[in-house]
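A look at the structure
Single-letter residue listing:
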Amino acid sequence: MKITTEAGERHVLAVTVDNEAGVLAKITGLFTARGYNIESLTVADITPDHALSRITIVTNGPPPVIDQIIAQLDRLVPVHKVTDLTDAGMAHVEREIALVKVAGTGDKRIEALRMADVFRAKVVDTTLTSFIFEITGSSDKVDRFVALMRECGLVEVGRTGVVAIARGPEAL
């Protein structure tokens, strides 16, 4: 099966679902069966009684495809609500966290620390020959930091995926 990569806009979807076994498989299965790509996916329990979860999905596609994805998600039984946070006029905040391991000595080590400071990345672990940095920000910021760390001895990267929430006093 070929995953659709049509030119289109990036969309962040917030999906409120029942917190039960198999729901994530239904959501991802819908994307897979129709050849849609998921760029990022995060899941979190959002209620004190653990009854609901929020799935944040980043996908890409032309407006008709995004509309179809939203309509198909809305029809799934465990789905309570689907909100396109990137829809026109929907102000939202999105962030991603990454752990970035860099190995190096001498000037490369100093340069890695200098760039981490510029990006406001925190050192969360260090040895005599490596650092692990924690960076939080937009996906673009994380991408830029990782690209610069390649020159300083990048070893590995772990990323959370995008989390997003609508601005203002109202809940989704």
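My aim in this report is to walk through the structure given alongside it, one point at a time. These figures come from a predicted structure and were not determined experimentally. (Residues numbered from 1 in each chain as written. Predicted model: local features only at pLDDT ≥ 70, side-chain atom pairs only at ≥ 80, totals over all residues. Heavy atoms only, no water.)

A positive phi angle is found at histidine 50, which is not glycine, with a value near 60 degrees. Residue placement: histidine 50 occurs in the loop between β2 (38-45) and β3 (52-61). Of note in this structure, arginine 120 is not a glycine but carries a positive phi near 60 degrees. With respect to the secondary-structure elements, arginine 120 resides in the loop between α3 (107-118) and β6 (122-126). (Helix = DSSP H or I, 4+ residues; strand = E, 2+ residues; numbered from the N terminus.)

A separate point is the pattern of salt bridges. Summed over all chains, the structure comprises six salt bridges. Salt-bridge contacts for arginine 159 lead to glutamate 96; the nearest nitrogen and oxygen are separated by 2.7 Å. Within this pair, whereas arginine 159 is found in strand β8 (residues 154-159), its partner glutamate 96 is found in strand β5 (residues 92-103), the two being separated by 63 residues in sequence. Arginine 159 sits in the partly exposed class, given a relative accessible area of 35%. Residue glutamate 134 is joined to lysine 122 by a salt bridge in which the shortest nitrogen-to-oxygen separation is 3.7 Å. Of this pair, glutamate 134 sits in strand β7 (residues 130-137) while lysine 122 sits in strand β6, and the two are twelve residues apart along the sequence. When salt bridges with common partners are traced through the structure, they connect Glu96, Asp143 and Arg159 into a single cluster. (Salt bridge = Lys/Arg side-chain N within 4 Å of Asp/Glu carboxyl O. Buried < 20%, exposed > 50% of the residue type's maximum accessible area, 1.4 Å probe, protein only.)

This brings us to the sheet that holds β3. Taken in spatial order, the four strands of this open sheet run β2-β3-β1-β4, and their pairing is antiparallel. Strand pairing shows two members of the sheet lacking a second neighbour, β2 and β4 (79-84), which therefore form its edges. On average, each strand axis in the sheet is tilted by 15 degrees relative to the strand beside it, whichever way the strands run. Against the sheet, helix α2 (residues 63-75) makes contact with β1 (9-18), β3 and β4, and its axis sits at roughly 160 degrees relative to β4, the strand it touches most. (Pairing = 2+ DSSP bridges. Axes fitted to C-alpha atoms, helices over the stretch in contact; angles between N-to-C directions. Contact = heavy atoms within 4.5 Å.)

Here the focus is the packing of aromatic side chains. Applying the stated rule across the entire model yields four aromatic pairs. Residues phenylalanine 31 and tyrosine 36 carry aromatic rings whose centres are separated by 6.3 Å and whose planes lie at 80 degrees to one another, so their mutual orientation is edge-to-face. As far as the burial class goes, phenylalanine 31 and tyrosine 36 line up, both buried. By the ring-pair criterion, three or more aromatic residues cluster together here, those being Phe119, Phe131, Phe133 and Phe145. (Phe/Tyr/Trp six-rings, centres within 6.5 Å; stacked < 30°, edge-to-face > 60°.)

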